[in-house]
Structure formats: C-alpha cells, structure tokens
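Structural features, examined
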Amino acid sequence: MDIGAVNALSYEDFVNIFGNVVEKCPIITAAVWSRRPFGNLNALETAINEFIDELPESGKEGILRCHPDLAGRDLQSGTLTRESREEQARAGMDALSPGEAARMARLNEEYKKRFGFPFVICARMSDKNTILQQLSERRLHELPVERARGIEEVKKICRVRLQSLVLSDAPNKL
Ligand SMILES: NC(=O)N[C@H]1NC(=O)NC1=O
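Residues numbered from 1 in each chain as written. Predicted model: local features only at pLDDT ≥ 70, side-chain atom pairs only at ≥ 80, totals over all residues. Heavy atoms only, no water.

Within an unreviewed UniProt entry, the label attached to the chain reads 2-oxo-4-hydroxy-4-carboxy-5-ureidoimidazoline decarboxylase, and the organism entered is Salarias fasciatus. One UniProt comment on the chain, placed under Catalytic activity (unreviewed entry), says "5-hydroxy-2-oxo-4-ureido-2,5-dihydro-1H-imidazole-5-carboxylate + H(+) = (S)-allantoin + CO2". UniProt's Pathway (unreviewed entry) comment on the chain is quoted here verbatim: "Purine metabolism; urate degradation; (S)-allantoin from urate: step 3/3." (UniProt positions renumbered as here; feature names shortened; annotations may be inferred.)

**What to know about the overall build of the chain**
Within the chain, the secondary structure is distributed over 10 helices and 0 strands. Reading the helices (α) and strands (β) of the chain from amino to carboxyl end gives α-α-α-α-α-α-α-α-α-α. Relative to the globule expectation of 16 Å for 174 residues, the C-alpha radius of gyration of the chain, 17 Å, shows essentially globular dimensions. Taking the principal axes of the C-alpha coordinates as reference, the chain spans close to 50 × 35 × 25 Å. When each of the 174 residues of the chain is scored for burial, the buried share is 45%. Contacts in the chain between residues far apart in sequence, at least 24 positions, make up 67% of those at least 6 positions apart. Carbon together with sulfur atoms contributes 51% to the accessible area of the chain, which is approximately 8,900 Å² in total. (Helix = DSSP H or I, 4+ residues; strand = E, 2+ residues; numbered from the N terminus. Rg over C-alpha atoms; globule rule 2.2 N^0.38 Å. Buried < 20%, exposed > 50% of the residue type's maximum accessible area, 1.4 Å probe, protein only. Contact = heavy atoms within 4.5 Å. Areas by Shrake-Rupley, 256 points an atom, 1.4 Å probe, with all protein chains shown as cover.)

**A short note on the UniProt feature "domain: Oxo-4-hydroxy-4-carboxy-5-ureidoimidazoline decarboxylase" (unreviewed entry) in the chain**
Per the UniProt record, "domain: Oxo-4-hydroxy-4-carboxy-5-ureidoimidazoline decarboxylase" (unreviewed entry) is found at residues 7-163. Taken as a whole, residues 7-163 contains 66% helix and 0% strand, while its terminal C-alpha atoms sit 16 Å from one another.

**Digging into empty space enclosed by the protein**
Applying the stated criterion to the full structure yields 1 cavity of 30 Å³ or more. Here the largest cavity defines a volume of roughly 140 Å³. Lining the largest cavity are 14 residues, and of these His 67, Leu 70, Glu 87, Ile 121 and Ile 157 lie nearest its centre. Those elements giving two or more residues to the lining of the largest cavity turn out to be α7 (82-90) and α10 (143-166). (1 Å grid on protein atoms, 1.4 Å probe; cavity = no way out; pocket = protein on both sides within 12 Å on 5 of 7 lines; lining within 4 Å. Points joined across faces, edges and corners; volume = space filled by probe spheres on them.)

**Observations concerning the site of the ligand**
Residues in close proximity to the ligand include Pro 68, Leu 70, Ser 84, Glu 87, Gln 88, Phe 119, Val 120, Ile 121, Cys 122, Ala 123, Ile 157 and Arg 161, which together make up its full environment. Here Pro 68 contributes a backbone N or O atom positioned 2.8 Å from a nitrogen atom of the ligand. For the ligand, an oxygen atom lies 2.8 Å from a polar atom in the backbone of Ala 123. Expressed as a share of its isolated accessible area of 290 Å², the protein-covered part of the ligand is 100%. In this structure, the ligand is accommodated by the largest cavity. Breaking the shell around the ligand down by element, the ones donating at least two residues are α7 and α10. (Near = heavy atom within 4 Å. Polar contact = N/O pair within 3.5 Å; in protein donor to acceptor, adjacent residues only side chain to side chain. Sits in = over half its atoms within 2 Å of the grid points.)

**With respect to the pattern of salt bridges**
When the charged atoms of two side chains lie near each other, side chains of opposite charge can form a pair. Applying the stated criterion across every chain yields a total of 22 salt bridges. Among the salt bridges present, the one from Glu 61 reaches Arg 65, with a minimum N-O distance of 3.0 Å. Of this pair, Glu 61 and Arg 65 both sit in helix α5 (residues 57-65), 4 residues apart, roughly one helical turn. Taking relative accessible area as the criterion, Glu 61 reaches 12% and is therefore assigned buried. One salt bridge in this structure joins Glu 110 and Arg 139, with 2.5 Å as the shortest N-O distance. Linking Glu 110 in helix α8 (residues 98-115) with Arg 139 in the loop between α9 (128-138) and α10, this pair joins segments that are 29 residues apart in sequence. Taken together, the shared-partner salt bridges connect Glu 57, Lys 60, Glu 61, Arg 65 and Arg 147 into one network. (Salt bridge = Lys/Arg side-chain N within 4 Å of Asp/Glu carboxyl O.)

**Description of the side chain of Arg 147**
Relative to the assigned elements, Arg 147 resides in helix α10. Looking at Arg 147, the relative accessible area reads 12%, which means it is buried. If we skip the residues at most four places from it in the chain, Arg 147 touches Glu 57, Glu 61, Leu 64 and Phe 117.

Take a look at the structure:
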C-alpha cells in the first residue's frame, strides 16, 4: 500500500486497517486520521507518537493497561489479538518450560501490583531470556521511570505493526 492509498482511505477503512497498531486503542488511530495527508509512513508514526505524548499520565497508563500479559491468561485461552499472538509466539512465549512459565507469572503479578499496569516490552525485538531478565530488572524501577519505559515499548510495537501492515505488499512500498 503506498502513502497515497493510505491518505485516500475513509476513516472507517483507516481504523479497520490500522486500528490495532497500538494494542486495543483504536481511538488513537481514529484521532490521527484527521492529520492526513501523511508525507510517508514515518509521518503517520510521528502523528501517533505525538498523540500519545500529549496524553496525561493517566492516559498513558490506560494505554499500558490495554496490553495483555506476556504468556498470560489471554495466551492460554486463545483470546489474544492476532498481532499480539504472533508477537508472543515469535518470542517463544507459547513454549515456556513449566519453570519459566511460573517465574513469568510470578514476576508479572509482582510488576502489576507495584505499578497498576502490566509489563510491556516489544516482543518482536526480544526473546524469552531477555524478556524475563527485563521484567526482573524493570519491576524495581520507580513508577514515572517505568511508565515512560512502557510507553517507549508501546511505540516500538506500533512501529513494527505499521511496517508489517504497509510494507508487506511489496510493489508500492512507502
Ligand atoms: N505485555 C506486552 O508486552 N505485550 C505485548 N508485547 C508485544 O510485543 N505484543 C504484546 O502484546
């Protein structure tokens, strides 16, 4: 899909296609539609990032809360979004040993209890050992540091999702 095609989309189609680039937050996609025309894919990504940056801290925490746990209940019950399922599978979250799964569950719970939102990391840029290590380290941070860190990871996930949507059909790359 080239950028001209993206800019020509109705808001309904735009939200249908790009609505989950930030997990379960189609309101962000719906909001940035009014920033068209985008010069290129980076401009669309920048519009999304700016929208996120302008939110109050409670809004940023809300975005984090829309993310499923890694190797959590949604993965076990098959209720992850398609994007999240693929990302978690690539990082080996569906193939943890019983010991790793128990450690992940314990650390995820500890993290959520401390911060009031789930641990978020761009699984496509990571693997299970790094994820476990990062979870173990980041759970000790202070809230403002960790909220900002989680949002950085949301932006990385968004970039990867945008790229796979727009660059996947080769002839008209952005
Ligand atoms: N909790 C969390 O990090 N979830 C995710 N990370 C990612 O890359 N996809 C997700 O759903």
